[in-house]
Amino acid sequence: MGEGEWVPAQRRDQGESVSLAVAMGRLWARGVEVDWSTYFAGAQRVDLPTYAFQHERYWLSAAPVPQADTEFWDLVDRGVFDEFATDESERATLQKALPLLAQWRERHAQKQARDEWRYRVDWAPVPELPARLRGTWLVLAPAGDAPMDCLEALTAAGAQPVLMIGDDLPGAAADVTGVLALPSLDPAALAVTVRTLGASGIRAPLWVLTRNATGQDGPPASGQAAVWGLGRVVALEHPDRWGGLVDLPETMDAHVWARVAVALSGGEDQVAVRPTGLVARRIVPAPTQPAEPWQPTGTVLVTGGTGALGSHVARELAAGGADHLILVSRRGLDAPGARELAAELAATGTTVTVAACDIADREALTGLLAALPDDQPLTAVLHAAGTLHDATVQTVTAEHVRDVLRPKVDGYAALRDVTRDHDLTAFVAFSSLAGVVGQPGQGVYAAANAALDAMAQAYRAEGVPALSVAWGPWAEGGMATAHGDRLRSHGIMPLPTGPALAALWQSITRDEANVTIADLDWERFIAAYGVSPAIAALAPAPPVLAAPARSVSEQLAAAPEAERDRLLVRHVQQEAAALLGYADPAAVTAGAAFRDLGFDSLAAVQLRNRLAAATGLDLPTGLAFDHPTPVALGAFLRSQLIPAHSDAGPLATLDRLTEDLFRDDSAGPDPQLREQLSERLEAVLNRLRAQPRGFDEATLDAADDDEIFRIIDEDLGLS
């Protein structure tokens, strides 16, 4: 900074914070080192484009605000008194009032954001139209079950049901119209059923029946709710082979089975059938009502307490007045950062116990709670433990299901059992958005969290202050961190820690068993995952119907031979770029490995679904890993598509003839042959325009090479 150069840190017409920020910015621009990490505590650096001339906007556009409002709040935020005051008395008053106004605005903005994050599940009545089914329906029933009312209801609706007992399935059955699985499946069995149907060549949509998974007839059954959680993921991973979920009441009769047939022929994919009618699942906003936030006291037990989310919760509990924290994890003090966390919390005056414990072990939990002193009773439990196992439904095993359900579902059940004699003010489970809307590649995790949501409903019905919060990803840690960039591009934004905890504290005091807290951009979410009836009302606007574009198969058939490889590679690049959130498909280079681009099992499934929809092919789930670059994947798609078009008619024949004629000589055939070809082709054009009677368009489409030459020589009279 030049000698004698001054930068003011206070200005009469600006608030202190604004003046200081401007001063620091000017110092930094003049070469003075500024420790921005201290000034912007908790902020994160973000990457910006390194190429200055690539004009691509990375910032979110703010909603338009009236100019008068903008100017007013700008003056309030900057503490500019002179714009409002006419004398010293008014100035003194405003000097106290403006900071209060700024604080009110900040609180209001935070509450509005928290309200926009909150959702709940609702059930809407469904009009009962006449049931109309057709074709062969396979009915998968457990051994010894012969549901005659079900078969009769399907028959009355127009279907031809075929009862399949146990694990028996027919071979390839292209004529099957639908598959109905009766209520006997658990998540592992559902995964096996999906795999078995695929291996048998049965492409018909699978409908899965459950019994009391939704809580329409009292507390829901958590095991059946888990099936719904996995089913929503099957819908995303195999949309062409999925029908939906239908929940049944405890008591069944012919009238209820008739309504099942109505549900199977309707447009809903998540339905509960009850004697009084049909209801369909909906995700709806759940704004908060004025209420005091929860006040922790006494001893609070936090499972997963040394993990990323558990540590955030522990800090908030210590700051909020909890006397004693029990932080439980599998490794206890040996967990990374556990000792440092314990020391940090103890420095606030809170007593801290860090324990290694299997929370699904009731005996171990009982021993842990028995050591509590009488003057520090257990008052709350926050269950944040869990494990994530990324796996597509095609690869899910019973072991995967056990490993994921044990800490989350079995642990919550064990906590309930060992705390029955404790007077709790909160019994909170950390669930996941995956259990509410599904997430490709996280089927087992979605099943576990859907079960957790159901358990909270059941416990609250018993009088326990149970609450299951289905969280979106957190900005500072959590199991979804590895998928952060992908989730953002799909409209699932990370939650800042402070406001997320404030939303949790506010929710604990409400009379609700389930709530979803997630920052969702529904337009991007629906673009990535599609729109189901459950979330259709949350779409920003009805989609505009455009003229149908030609499919990839149609484009391939019309393209010259030399362009086909490029066409397929370009299409793979476009779909991959869309998944990664790139505006320009060229950002996905043709030889780049999908793994290096950031593809995981979730993205691989979505790429498979997009390519399957575009090509009409039955593609494997691991497509992106079996063919790891756009070039390799394009070559695979060509190998699957070209056989269907190698004899696609005269256009393909002319393509091959053209390629043969110009292969060795860029100038084409010699002049004499060129003249002969021109005459014959002109004659063909004349006859085609005259629509000769000897052949029609269908004949040309079905003709092979020899028949084309016969038409030219005989039907056109040019032999």
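Note that the coordinates shown come from a computational prediction; the quantities given were computed from them, not determined experimentally.

Colleague: I'm lost on the environment of Arg281 in this one. Help?
Modeller: One can find Arg281 in strand S8 (residues 277-285). Put simply, Arg281 and Pro533 are 252 residues apart on the chain and 8.0 Å apart in space, counted from C-alpha to C-alpha. Setting aside residues up to four positions removed in sequence, Arg281 forms contacts with Val121, Asp122, Trp123, Trp228, Arg232, Gln270, Val436 and Ala534. Within the structure, Arg281 has its side chain in polar contact with the backbone oxygen of Val436 (distance 3.0 Å).

Colleague: What is the right way to look at the pairing of strand S1 (residues 118-126) in this model?
Modeller: On any regular strand, side chains alternate: one points to one face of the sheet, the next to the other face. Of the strand pairs in this sheet, S1 and strand S16 (residues 514-517) are connected by two bridges, and their pairing is antiparallel. Counted as the bridge partner of Tyr119 is Thr516 from S16. The pairing of S1 with S8 spans eight bridges and is classified as antiparallel. The residue of S8 that forms the bridge with Trp123 is Arg281.

Colleague: Help me out: how do you make sense of the packing of helix H6 (residues 187-199) against helix H7 (residues 222-237) in this one?
Modeller: Axes are the key here: two packed helices are described by the angle between their axes and the distance separating the axes. Viewed as axis vectors pointing N to C, H6 and H7 meet at an angle of 35°, and their least axial separation amounts to 9 Å. For the element pair H6 and H7, the recorded crossing hand is right-handed. For the pair H6 and H7, contact is made by Pro187, Leu190, Ala191 and Val194 and by Gly223, Ala226, Val227, Leu230, Gly231 and Val234, respectively. Tallied by class, the residues present in the contact of H6 with H7 amount to eight nonpolar, two polar and no charged.

Colleague: So what exactly am I meant to see when it comes to the packing of aromatic side chains here?
Modeller: Within this structure, the stated rule accounts for eleven aromatic pairs. Judged by centre distance (5.7 Å) and plane angle (85°), the rings of Tyr119 and Trp522 are edge-to-face. Taken together, the residues span a long stretch of sequence, with Tyr119 in strand S1 and Trp522 in helix H17 (residues 522-529) at a distance of 403 residues. Between Phe594 and Phe599, the aromatic rings sit 5.2 Å apart at their centres with planes inclined by 55°, giving tilted as the arrangement. Here the two residues Phe594 and Phe599 agree in accessibility, since each one is buried. Within the aromatic cluster, the residues linked to one another by ring pairs are Tyr119, Trp522, Phe525 and Tyr529. For Arg416, the ring lying beneath its charged end belongs to Tyr459, and the centroid distance is 5.9 Å.

Colleague: Just checking my understanding: could you explain the side chain of Ser329 for this structure?
Modeller: Topologically, Ser329 is positioned in strand S10 (residues 324-329). On the basis of relative accessible area, Ser329 is assigned to the buried category, the value being 11%. With near-sequence residues (within four places) excluded, Ser329 lies in contact with Thr306, Ala335, Ala355, Ala356 and Cys357.

Colleague: What am I meant to see in the side chain of Thr516 here?
Modeller: Looking at the secondary structure, you find Thr516 in strand S16. When its relative accessible area of 7% is taken as the criterion, Thr516 is described as buried. If near-sequence neighbours (up to four positions away) are discounted, Thr516 is found in contact with Trp117, Arg118, Tyr119, Leu433, Val436 and Ala470.

Colleague: What should I look at first to understand the confidence of the model for the protein in this one?
Modeller: If pLDDT is low for a region, its predicted coordinates should not be looked at in detail. Averaged over all residues, the pLDDT of the protein is 82; the fraction at 70 or higher stands at 77%. Below pLDDT 50 for its whole length, residues 543-547 participates in zero contacts with residues either more than four positions away or in separate chains. With pLDDT under 50 throughout, residues 644-648 is counted as low confidence; its partners more than four residues away or in other chains account for seven contacts.

Colleague: Where do I start with the pairing of strand S11 (residues 351-356) in this structure?
Modeller: Both S10 and S11 contribute to a ladder of six bridges, which runs parallel. The residue bridging Ser329 from the neighbouring strand is Ala356, located in S11. As for the winding sense of the linkage, the β-α-β connection from S10 through helix H10 (residues 338-346) to S11 is right-handed.

Colleague: So what exactly am I meant to see when it comes to helix H8 (residues 254-264) here?
Modeller: Think of an α-helix as turning once every 3.6 residues; residues three or four places apart then point the same way. For H8, a buried count of eight out of eleven residues is recorded, marking the element as mostly surrounded by other parts of the structure. Restricting attention to buried positions, one finds in H8 the residues Val256, Trp257, Arg259, Val260, Ala261, Val262, Ala263 and Leu264. With a side-chain oxygen positioned 3.1 Å from the backbone nitrogen of His255, the residue opening H8 is Asp253.

Colleague: In this structure, what is going on with unusual backbone geometry? I would like to understand it.
Modeller: Glycine aside, a negative phi is what most residues show, and trans is what most peptide bonds show. Positive phi, close to 55°, is recorded for Asn212, a residue that is not glycine. Relative to the helices and strands, Asn212 resides in the loop between strand S5 (206-211) and H7.

Colleague: For this particular structure, what's the right way to read the packing of helix H19 (residues 561-580) against helix H20 (residues 601-615)?
Modeller: Across the interface, H19 lies against H20 with an axial gap of 10 Å and an inter-helix angle of 135°. Compared by their axis directions, H19 and H20 come out oblique. The two elements H19 and H20 cross, and the hand of that crossing is right-handed. Contact with H19, carried on its side by His571, Val572, Glu575, Ala576, Ala578 and Leu579, involves Ala603, Gln606, Leu607, Arg610, Leu611 and Ala614 of H20 and no other residues of that element. Tallied by class, the residues present in the contact of H19 with H20 amount to eight nonpolar, two polar and two charged.

Thresholds, definitions, all that
Residues numbered from 1 in each chain as written. Predicted model: local features only at pLDDT ≥ 70, side-chain atom pairs only at ≥ 80, totals over all residues. Heavy atoms only, no water. Helix = DSSP H or I, 4+ residues; strand = E, 2+ residues; numbered from the N terminus. Contact = heavy atoms within 4.5 Å. Polar contact = N/O pair within 3.5 Å; in protein donor to acceptor, adjacent residues only side chain to side chain. Pairing = 2+ DSSP bridges. Axes fitted to C-alpha atoms, helices over the stretch in contact; angles between N-to-C directions. Left-handed = near helix turned anticlockwise from the far one by under 90°. Nonpolar A, V, L, I, M, F, W, Y, C, P; charged D, E, K, R; others polar. Phe/Tyr/Trp six-rings, centres within 6.5 Å; stacked < 30°, edge-to-face > 60°. Buried < 20%, exposed > 50% of the residue type's maximum accessible area, 1.4 Å probe, protein only. Lys NZ or Arg CZ within 6 Å of the ring centre and 35° of its normal. pLDDT = per-residue confidence, 0-100. Right-handed = clockwise from strand over helix to strand, strands pointing away. Parallel < 35°, antiparallel > 145°, perpendicular 65-115°, else oblique.

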